[in-house]
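# Close look at the chain arrangement
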Amino acid sequence: RIGKDAGKDETFLLDVLDDNTLGALVVCDGEASCSGNVDFTMTAASKAVPVAIVCCKKDACKGNVGLTVADLATPIDVNVHCSGESSCEDAVWTVAGDHKLDGYCVGETACKASRWSAPQGEANGYCSGESACEDSRWTATEGRLTMFCDSTEDTCDDAVFDPYAFCSGGGADRKSVV
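Residues numbered from 1 in each chain as written. Predicted model: local features only at pLDDT ≥ 70, side-chain atom pairs only at ≥ 80, totals over all residues. Heavy atoms only, no water.

## Some remarks on the environment of Val-92
To keep it simple, the criterion reads: Only DSSP runs of H or I with at least four residues qualify as helices, and only runs of E with at least two residues qualify as strands; both kinds are numbered from the N terminus onward. Should any heavy atoms of two residues lie within 4.5 Å, those residues are counted as being in contact.
Topologically, Val-92 is positioned in strand 7 (residues 92-95). For the pair Val-92 and Lys-62, spaced 30 residues apart in sequence, the C-alpha to C-alpha distance is 9.8 Å. For Val-92, the contacting residues outside a window of four places in its chain are Val-65, Gly-66, Leu-67 and Arg-115.

Written out as structure tokens, the structure is:
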């Protein structure tokens, strides 16, 4: 979805049923594209292929935006790239099973108050920019959680890493690790 408000309040079914398709890619490029009430879903009917969601520009995936990936027989990699002011603010990204969830948050308040969850799998986060991951919550209850908080001291202010995280970078606030 390219352009202002493109993909706003839409539902995206990411199921891949074709053996010749190697992955699912969604590009939300434009102010408030894929914002509002948006749902990205991959059901158990899908082939196990990598998923990439790219949110570029101000407010690109902001709001009541959610990603749900069902528990598939084979673990997959799910990558979410948020680039731009408030690009993924308040969004909820969740994968089931042993899937891997990678979040890249670059820009002022890019992932502020967002939720990232890979309860049984692995999660990795990269935050760079003024308050990029402020008030966010990153969860990998049974898996491994690795965070890199770059830039300023408040890059990851008041973020919660559950159950713990391997944090590094100039903006890693050790108080936020639970």
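## Focus on the packing of aromatic side chains
Put simply, the rule is: Between 30 and 60 degrees the pair is tilted, below 30 it is stacked and above 60 it is edge-to-face, where a pair is any two Phe, Tyr or Trp rings, Trp via its six-membered ring, whose centres lie within 6.5 Å. Exposed residues in this analysis have more than 50% of their type's maximum accessible area, buried residues have under 20%, and partly exposed residues fall in between, with area computed by a 1.4 Å probe over protein chains only.
The tally for this structure, following the rule as stated, stands at 5 aromatic pairs. For the ring pair Trp-93 and Trp-116, a centre distance of 5.8 Å and an interplane angle of 35° mean the geometry is tilted. Placement of the pair is Trp-93 in strand 7 and Trp-116 in strand 9 (residues 115-117), with a sequence separation of 23 residues. Each ring, one from Trp-116 and one from Trp-138, has its centre 4.6 Å from the other, and the planes form 0°; the classification is stacked. Here Trp-116, found in strand 9, pairs with Trp-138, found in strand 11 (residues 137-139); they are 22 residues apart in sequence, far enough to count as distant. Under the relative-accessibility criterion, Trp-116 is labelled buried at 2%. Linked through ring pairs, Phe-12, Phe-40, Trp-93, Trp-116 and Trp-138 together constitute an aromatic cluster.

## Description of the nonpolar core
Operational definition: We call a set of buried Ala, Val, Leu, Ile, Met, Phe, Trp, Tyr and Cys residues a nonpolar core when their side-chain atoms join them within 4.5 Å.
Among the nonpolar cores identified, the biggest contains 46 residues, and Phe-40, Leu-67, Trp-93, Trp-116 and Trp-138 are the most heavily contacted of them. Sequence-distant contacts of Trp-116, that is, excluding residues within four places in its chain, are made with Val-80, Cys-82, Trp-93, Leu-101, Asp-102, Gly-103, Cys-105, Cys-111, Arg-137, Trp-138 and Thr-139.

## A look at the state of the cysteines
Threshold: In this description, the term disulfide denotes a pair of cysteine sulfurs within 2.5 Å.
For the structure shown, the criterion picks out 5 disulfides. Here Cys-105 is linked by a disulfide to Cys-111, with a sulfur-sulfur distance of 2.1 Å. For the disulfide bridge between Cys-105 and Cys-111, the dihedral angle about the S-S bond is near -90°, and by the sign convention the bridge is left-handed. The two residues Cys-105 and Cys-111 agree in class, both being buried.

## With respect to the pairing of strand 10 (residues 122-128)
Worth spelling out the cut-off: Following DSSP output, two strands are said to pair if at least two bridges run between them.
Taking burial as the measure, the 7 residues of strand 10 include 5 buried ones, the bulk of the element. The pairing of strand 8 (residues 100-106) with strand 10 spans 7 bridges and is parallel. Its bridge partner being in strand 10, Asp-102 is matched across the sheet by Asn-124. Where strand 10 meets strand 12 (residues 145-149), 5 bridges bridge the pair, whose relative direction is parallel. Bridging from a neighbouring strand, Ala-123 pairs with Leu-145 of strand 12.

## A word on the pattern of salt bridges
When their charged atoms lie close together, side chains carrying opposite charge are able to pair. As a reminder, the rule being used: For salt bridges, the criterion is a side-chain nitrogen of Lys or Arg within 4 Å of an Asp or Glu carboxyl oxygen.
Scanning all chains against the criterion turns up 8 salt bridges. The salt bridge involving Asp-19 is made with Lys-47; its shortest N-O contact spans 3.1 Å. Taken as a pair, Asp-19 in the loop between strand 1 (11-13) and strand 2 (24-29) and Lys-47 in the loop between strand 3 (36-42) and strand 4 (51-56) lie far apart in primary sequence, 28 residues in all. Overall, the relative accessible area of 62% leaves Asp-19 in the exposed class. For Lys-57, the salt bridge identified is with Asp-29, shortest N-O distance 2.8 Å. In this pair, Lys-57 sits in the loop between strand 4 and strand 5 (63-69) while Asp-29 sits in strand 2, placing the two residues 28 residues apart along the sequence. The exposure class of Lys-57 is partly exposed, given its relative accessible area of 44%. Given the relative accessible area of 23%, Asp-29 is considered partly exposed. Each of Asp-59, Lys-62 and Glu-89 takes part in a single network of salt bridges with overlapping partners.

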